[in-house]
Amino acid sequence: MGRAEAPGRESVSRVDGRTARAERTRAAIVEAHLALISEGDLRPTGERIAERAGISLRTLWTNFKDMETLFEASGAELLRQQDAAWRPISPTLPLAKRIDAYCRQRAKLLQLIAPSARAAQMREPVSAQLRRNRLKHIDRVRDEVEQLFPVELDRAGTGREQLLNAVVAASMWPAWSMLRDGLGLGVDAARAVMARTVAALLAEPTDR
């Protein structure tokens, strides 16, 4: 006869089971939210998200108290997806190769977040969480630019911060949206414009 499970262990097991189910439910909600956005529903309602996730509306709002907390979780998932797709670029490469690799990767990551970025633009003016999500993306790109182009930035002297801001601005969603949605460029053409802009910004004064 098998040994009976200790009461304390059984209680922990039940708690662990509930926690795992709750995590799966939250993940399904986030997945449903992002899937609807990627399919063109840029302002999905709670009802549509719950239906897509296969849960009740009550369950949705039990796991997320409001849309702001859902925006936070969905934003974290997008960052996770970007982290999974991101590959390090060696800062020892020649400048032209660093710029090419950086812009190719930025184009890839910007395409990954494009649907959610378009959706966020619609709601960001009234959503503090979406603004916080955007700042996280900016901070990540800013850190990458500083790590990848330290010599070129330092060469700018007192204009270092201005140059850093210019490179970051040229490789963020608003600039990419202008190239893709405003000018109607394809991904490769938009990436080429980004690379030309970044190269012009980082060129030595004698090269300009």
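Residues numbered from 1 in each chain as written. Predicted model: local features only at pLDDT ≥ 70, side-chain atom pairs only at ≥ 80, totals over all residues. Heavy atoms only, no water.

A. Seen up close, the overall build of the protein. Looking only at helices and strands, the protein features 10 helices and zero strands. The helix and strand sequence of the protein, counted from the amino end, reads α-α-α-α-α-α-α-α-α-α. Taken over the C-alpha trace, the protein has a radius of gyration of 22 Å; the compact-globule value for 208 residues is 17 Å, which it surpasses by more than 25%. Reported as C-alpha extents along the three principal axes, the dimensions of the protein are approximately 80 × 40 × 30 Å. Taken over 208 residues, the protein has a buried fraction of 36%. The long-range fraction of contacts in the protein, counting pairs at least 24 apart against all pairs at least 6 apart in sequence, stands at 63%. (Helix = DSSP H or I, 4+ residues; strand = E, 2+ residues; numbered from the N terminus. Rg over C-alpha atoms; globule rule 2.2 N^0.38 Å. Buried < 20%, exposed > 50% of the residue type's maximum accessible area, 1.4 Å probe, protein only. Contact = heavy atoms within 4.5 Å.)

B. Examining the layout of surface pockets more closely. By volume, the largest pocket is sized at about 790 Å³. Gln82, Ile113, Asn133, Arg134 and His137 are, among the 40 residues lining the largest pocket, the residues nearest its centre. Only α1 (7-38), α4 (67-85), α5 (95-123), α6 (128-148) and α9 (173-182) provide two or more residues apiece to the lining of the largest pocket. Examining the composition of the lining of the largest pocket, we find that 11 residues originate from one element, α6, more than from any other. Here the residues of the lining of the largest pocket are counted per class, giving 22 nonpolar, nine polar and nine charged. (1 Å grid on protein atoms, 1.4 Å probe; cavity = no way out; pocket = protein on both sides within 12 Å on 5 of 7 lines; lining within 4 Å. Points joined across faces, edges and corners; volume = space filled by probe spheres on them. Nonpolar A, V, L, I, M, F, W, Y, C, P; charged D, E, K, R; others polar.)

C. Spatial organisation of the packing of aromatic side chains. Per the stated rule, a full pass over the model turns up one aromatic pair. Between Tyr102 and Phe149 the ring centres are 5.7 Å apart and the planes differ by 85°, which places this aromatic pair in the edge-to-face class. Of the two residues, Tyr102 is situated in helix α5 and Phe149 in the loop between α6 and α7 (150-155); the sequence distance between them amounts to 47 residues. The same class applies to Tyr102 as to Phe149, namely buried. (Phe/Tyr/Trp six-rings, centres within 6.5 Å; stacked < 30°, edge-to-face > 60°.)

D. Spotlight on helix α2 (residues 46-53). Residues of α2 that are buried include every one of Gly46, Ile49, Ala50 and Ala53, and no others. Buried residues of α2 fall within an arc of 95° about the axis and therefore sit on the same side. Of the exposed residues in α2, the ones pointing more than 90 degrees away from its buried face are Glu47 and Glu51. (Arc of directions from axis to C-beta.)

E. Up close: the nonpolar core. Residues Ile49, Tyr102, Val145 and Trp176 are the most contacted members of the largest nonpolar core, which totals 44 residues. If you list the elements that add at least two residues to this core, you get α1, α2, α4, α5, α6, α8 (160-170), α9 and α10 (187-202). The greatest single-element share of this core, amounting to nine residues, is contributed by α5. With near-sequence residues (within four places) excluded, Tyr102 lies in contact with Ile89, Val141, Glu144, Val145, Leu148, Phe149 and Ser171. (Core = buried A, V, L, I, M, F, W, Y, C linked by side-chain atoms within 4.5 Å.)

F. Summary view of the side chain of Asn63. Following the sequence through the fold, Asn63 ends up in helix α3 (residues 57-63). From its side chain, Asn63 meets the backbone oxygen of Thr59 in a polar contact 2.8 Å long. (Polar contact = N/O pair within 3.5 Å; in protein donor to acceptor, adjacent residues only side chain to side chain.)

G. Region of the structure containing the environment of Leu60. Among the structural elements, Leu60 can be located in helix α3. The sequence separation of Leu60 and Glu47 amounts to 13 residues, and the corresponding C-alpha distance is 8.9 Å. The contact partners of Leu60, leaving out residues within four places of it in the chain, are Ile29, Gly46, Ile49, Ala50 and Ile55.

H. A look at α6. Taking 1.5 Å per residue, 21 residues should reach 30 Å; α6 reaches 31 Å between its end C-alpha atoms and fits that length. Within α6, the full set of buried residues consists of Gln129, Leu130, Asn133, His137, Val141, Arg142, Glu144, Val145 and Leu148. Considering only its buried residues, α6 is in contact with α4, α5, α7 and α8. (Expected span 1.5 Å × (residues − 1).)

I. Region of interest: the pattern of salt bridges. Inspection of every chain in the model, using the stated rule, returns 11 salt bridges. Ionic pairing is found between Asp41 and Arg48, a salt bridge with its closest N-O pair at 2.7 Å. Given the relative accessible area of 35%, Arg48 is considered partly exposed. A salt bridge links Asp154 to Arg160; the nearest nitrogen and oxygen atoms lie 2.8 Å apart. Assessed through its relative accessible area of 22%, Arg160 is described here as partly exposed. One network of salt bridges, with partners in common, ties together Glu146, Asp154 and Arg160. (Salt bridge = Lys/Arg side-chain N within 4 Å of Asp/Glu carboxyl O.)

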